[in-house]
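Take a look at the letters that make up each chain.
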Amino acid sequence: MRSRPPGYSRQHADTPALVMGNGPSLSDLDFHDLEEFATFGMNAAYRYWSKVGWWPQYYACLDSVVGLSHLDKIRSMIEEAPSLGISHFLLRHNLIRRLGRTGRSERVVCYESLLAEGWLPKLRDVTTGSHTMLWAESLGYTTILLGGVDCRYVELVEGAAPRDS
(Lines give C-alpha, C1' and ligand atoms only; values in the text may rest on other atoms or scores of the structure.)
Protein backbone atom coordinates (compact mmCIF):
# COMPACT_ATOMS: atom_id res chain seq x y z
CA MET A 1 0.00 0.00 0.00
CA ARG A 2 1.36 3.43 -0.87
CA SER A 3 1.60 6.12 1.74
CA ARG A 4 -0.51 9.24 1.49
CA PRO A 5 1.22 12.23 -0.10
CA PRO A 6 2.29 14.93 2.37
CA GLY A 7 -0.69 17.19 3.08
CA TYR A 8 -3.33 14.58 2.20
CA SER A 9 -6.61 14.72 4.08
CA ARG A 10 -10.02 13.22 3.39
CA GLN A 11 -11.41 16.45 4.84
CA HIS A 12 -10.11 18.39 1.84
CA ALA A 13 -13.16 17.22 -0.12
CA ASP A 14 -15.22 19.81 1.78
CA THR A 15 -12.96 22.72 0.81
CA PRO A 16 -12.73 24.14 -2.71
CA ALA A 17 -9.20 24.60 -4.07
CA LEU A 18 -8.12 27.57 -6.16
CA VAL A 19 -5.08 27.03 -8.39
CA MET A 20 -3.72 30.42 -9.42
CA GLY A 21 -1.45 31.30 -12.29
CA ASN A 22 0.44 34.55 -12.79
CA GLY A 23 -1.97 36.13 -15.26
CA PRO A 24 -3.31 39.66 -15.21
CA SER A 25 -6.90 38.41 -14.87
CA LEU A 26 -6.20 38.13 -11.12
CA SER A 27 -4.93 41.71 -10.80
CA ASP A 28 -8.22 43.03 -9.36
CA LEU A 29 -8.68 40.12 -6.96
CA ASP A 30 -8.41 40.85 -3.25
CA PHE A 31 -6.42 37.80 -2.20
CA HIS A 32 -7.39 38.36 1.42
CA ASP A 33 -10.96 37.36 0.46
CA LEU A 34 -9.90 33.80 -0.37
CA GLU A 35 -10.20 32.32 3.13
CA GLU A 36 -12.83 29.77 2.05
CA PHE A 37 -10.41 28.26 -0.49
CA ALA A 38 -7.30 26.15 -0.25
CA THR A 39 -4.98 28.23 -2.41
CA PHE A 40 -2.26 26.94 -4.71
CA GLY A 41 0.23 29.43 -6.12
CA MET A 42 3.08 28.86 -8.48
CA ASN A 43 6.30 30.02 -10.03
CA ALA A 44 7.17 33.73 -9.87
CA ALA A 45 3.81 34.91 -8.51
CA TYR A 46 5.62 35.32 -5.17
CA ARG A 47 6.74 38.72 -6.46
CA TYR A 48 3.15 39.94 -6.36
CA TRP A 49 2.26 38.16 -3.12
CA SER A 50 5.09 39.88 -1.29
CA LYS A 51 3.74 43.25 -2.48
CA VAL A 52 0.21 42.60 -1.24
CA GLY A 53 1.18 40.74 1.94
CA TRP A 54 -0.61 37.50 1.08
CA TRP A 55 0.65 33.95 0.52
CA PRO A 56 -1.00 30.74 -0.72
CA GLN A 57 -1.37 27.61 1.36
CA TYR A 58 0.52 25.57 -1.25
CA TYR A 59 3.31 26.53 -3.67
CA ALA A 60 4.55 24.70 -6.77
CA CYS A 61 7.41 25.22 -9.20
CA LEU A 62 7.99 22.33 -11.61
CA ASP A 63 10.05 23.84 -14.39
CA SER A 64 13.50 22.33 -13.89
CA VAL A 65 15.27 25.38 -15.39
CA VAL A 66 13.06 28.25 -14.18
CA GLY A 67 12.98 26.71 -10.70
CA LEU A 68 16.73 27.06 -10.39
CA SER A 69 16.49 30.74 -11.34
CA HIS A 70 14.15 31.21 -8.35
CA LEU A 71 16.33 29.17 -5.98
CA ASP A 72 17.07 31.93 -3.45
CA LYS A 73 13.47 33.12 -3.19
CA ILE A 74 12.10 29.58 -2.91
CA ARG A 75 14.65 28.87 -0.18
CA SER A 76 13.51 31.99 1.65
CA MET A 77 9.82 31.03 1.30
CA ILE A 78 10.49 27.55 2.72
CA GLU A 79 12.43 28.97 5.65
CA GLU A 80 9.70 31.55 6.33
CA ALA A 81 6.81 29.17 5.57
CA PRO A 82 5.39 29.04 9.12
CA SER A 83 4.96 32.81 9.26
CA LEU A 84 3.78 33.01 5.62
CA GLY A 85 1.23 30.23 6.07
CA ILE A 86 2.56 27.99 3.29
CA SER A 87 2.05 24.36 4.30
CA HIS A 88 3.72 22.52 1.39
CA PHE A 89 5.96 23.11 -1.62
CA LEU A 90 5.90 20.86 -4.69
CA LEU A 91 9.32 21.03 -6.35
CA ARG A 92 11.49 19.07 -8.78
CA HIS A 93 14.29 16.87 -7.49
CA ASN A 94 17.05 18.97 -9.07
CA LEU A 95 15.84 22.09 -7.20
CA ILE A 96 15.40 20.22 -3.91
CA ARG A 97 18.97 18.95 -4.21
CA ARG A 98 20.27 22.50 -4.80
CA LEU A 99 18.34 23.75 -1.76
CA GLY A 100 20.48 21.53 0.49
CA ARG A 101 19.26 21.31 4.09
CA THR A 102 16.29 23.59 3.35
CA GLY A 103 15.12 21.16 0.67
CA ARG A 104 14.85 18.41 3.27
CA SER A 105 12.10 20.26 5.13
CA GLU A 106 8.97 18.23 5.86
CA ARG A 107 7.10 20.94 3.94
CA VAL A 108 8.91 20.08 0.68
CA VAL A 109 7.28 17.47 -1.56
CA CYS A 110 9.31 15.99 -4.40
CA TYR A 111 7.41 15.78 -7.70
CA GLU A 112 9.42 12.76 -8.87
CA SER A 113 8.60 10.90 -5.62
CA LEU A 114 4.84 11.49 -6.04
CA LEU A 115 5.18 10.31 -9.62
CA ALA A 116 7.08 7.15 -8.63
CA GLU A 117 4.54 6.35 -5.89
CA GLY A 118 1.66 6.69 -8.36
CA TRP A 119 0.10 9.81 -6.84
CA LEU A 120 0.47 11.73 -10.09
CA PRO A 121 0.02 10.36 -13.62
CA LYS A 122 3.03 10.02 -15.87
CA LEU A 123 2.48 12.56 -18.62
CA ARG A 124 4.84 13.44 -21.45
CA ASP A 125 4.87 17.16 -20.68
CA VAL A 126 5.33 18.54 -17.17
CA THR A 127 3.87 21.99 -16.63
CA THR A 128 3.51 23.63 -13.26
CA GLY A 129 -0.12 24.61 -13.90
CA SER A 130 -1.45 21.24 -15.00
CA HIS A 131 0.50 19.32 -12.38
CA THR A 132 -0.50 21.70 -9.59
CA MET A 133 -4.11 20.85 -10.39
CA LEU A 134 -3.23 17.15 -10.28
CA TRP A 135 -1.43 17.70 -6.98
CA ALA A 136 -4.54 19.35 -5.53
CA GLU A 137 -6.58 16.33 -6.60
CA SER A 138 -4.04 13.93 -5.09
CA LEU A 139 -4.39 15.80 -1.77
CA GLY A 140 -8.10 15.03 -1.70
CA TYR A 141 -9.60 18.24 -3.09
CA THR A 142 -12.61 17.47 -5.27
CA THR A 143 -13.64 20.99 -6.31
CA ILE A 144 -10.70 22.68 -8.07
CA LEU A 145 -10.98 26.11 -9.66
CA LEU A 146 -8.41 27.64 -11.98
CA GLY A 147 -7.66 31.37 -12.21
CA GLY A 148 -4.98 33.61 -13.64
CA VAL A 149 -3.92 31.21 -16.37
CA ASP A 150 -4.19 33.70 -19.20
CA CYS A 151 -1.69 32.15 -21.63
CA ARG A 152 0.26 35.43 -21.75
CA TYR A 153 3.02 34.53 -19.33
CA VAL A 154 6.67 34.61 -20.36
CA GLU A 155 9.40 33.87 -17.83
CA LEU A 156 12.74 35.52 -18.50
CA VAL A 157 15.59 33.46 -17.12
CA GLU A 158 18.74 35.40 -16.28
CA GLY A 159 21.38 34.78 -18.94
CA ALA A 160 18.88 33.60 -21.56
CA ALA A 161 18.61 35.34 -24.90
CA PRO A 162 15.95 35.04 -27.61
CA ARG A 163 16.84 32.99 -30.69
CA ASP A 164 16.02 33.91 -34.25
CA SER A 165 13.57 31.39 -35.72
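Check the entry above for the structure.
A quick note: this is a predicted structure, and the numbers were derived from the prediction, not measured.

What counts, and at which threshold
- Residues numbered from 1 in each chain as written.
- Predicted model: local features only at pLDDT ≥ 70, side-chain atom pairs only at ≥ 80, totals over all residues.
- Heavy atoms only, no water.
- Buried < 20%, exposed > 50% of the residue type's maximum accessible area, 1.4 Å probe, protein only.
- Helix = DSSP H or I, 4+ residues; strand = E, 2+ residues; numbered from the N terminus.
- Pairing = 2+ DSSP bridges.
- Salt bridge = Lys/Arg side-chain N within 4 Å of Asp/Glu carboxyl O.

## Quick notes on the pairing of strand β4 (residues 88-91)
Side chains His88 and Leu90 project from β4 onto one buried face, and the interleaved Phe89 and Leu91 project onto a second face that is buried too. With four bridges joining them, strand β3 (residues 58-61) and β4 adopt parallel strand pairing. Bridge pairing links Cys61 to Leu91 in β4.

## Quick look at the pattern of salt bridges
When charged atoms on two side chains of opposite charge get close, those side chains can pair. By the definition in use, this model includes three salt bridges. In this structure, the salt-bridge partner of Arg75 is Asp72, at a minimum N-O distance of 3.5 Å. Here the residue Arg75 and the residue Asp72 both occupy positions in helix α3 (residues 71-79), the gap between them amounting to three residues, near one helical turn. In this structure Arg75 comes out as partly exposed when scored by relative accessible area, which is 23%. Overall, Asp72 belongs to the exposed group, its relative accessible area being 60%. Two residues, Glu112 and Arg92, come together in a salt bridge whose shortest N-O distance is 2.7 Å. Separated by 20 residues along the polypeptide, Glu112 in helix α6 (residues 111-116) and Arg92 in the loop between β4 and α5 (93-99) bring together distant segments of the chain. Judged by its relative accessible area of 25%, Glu112 falls in the partly exposed class. Classification of Arg92 by relative accessible area gives buried; the value is 18%.

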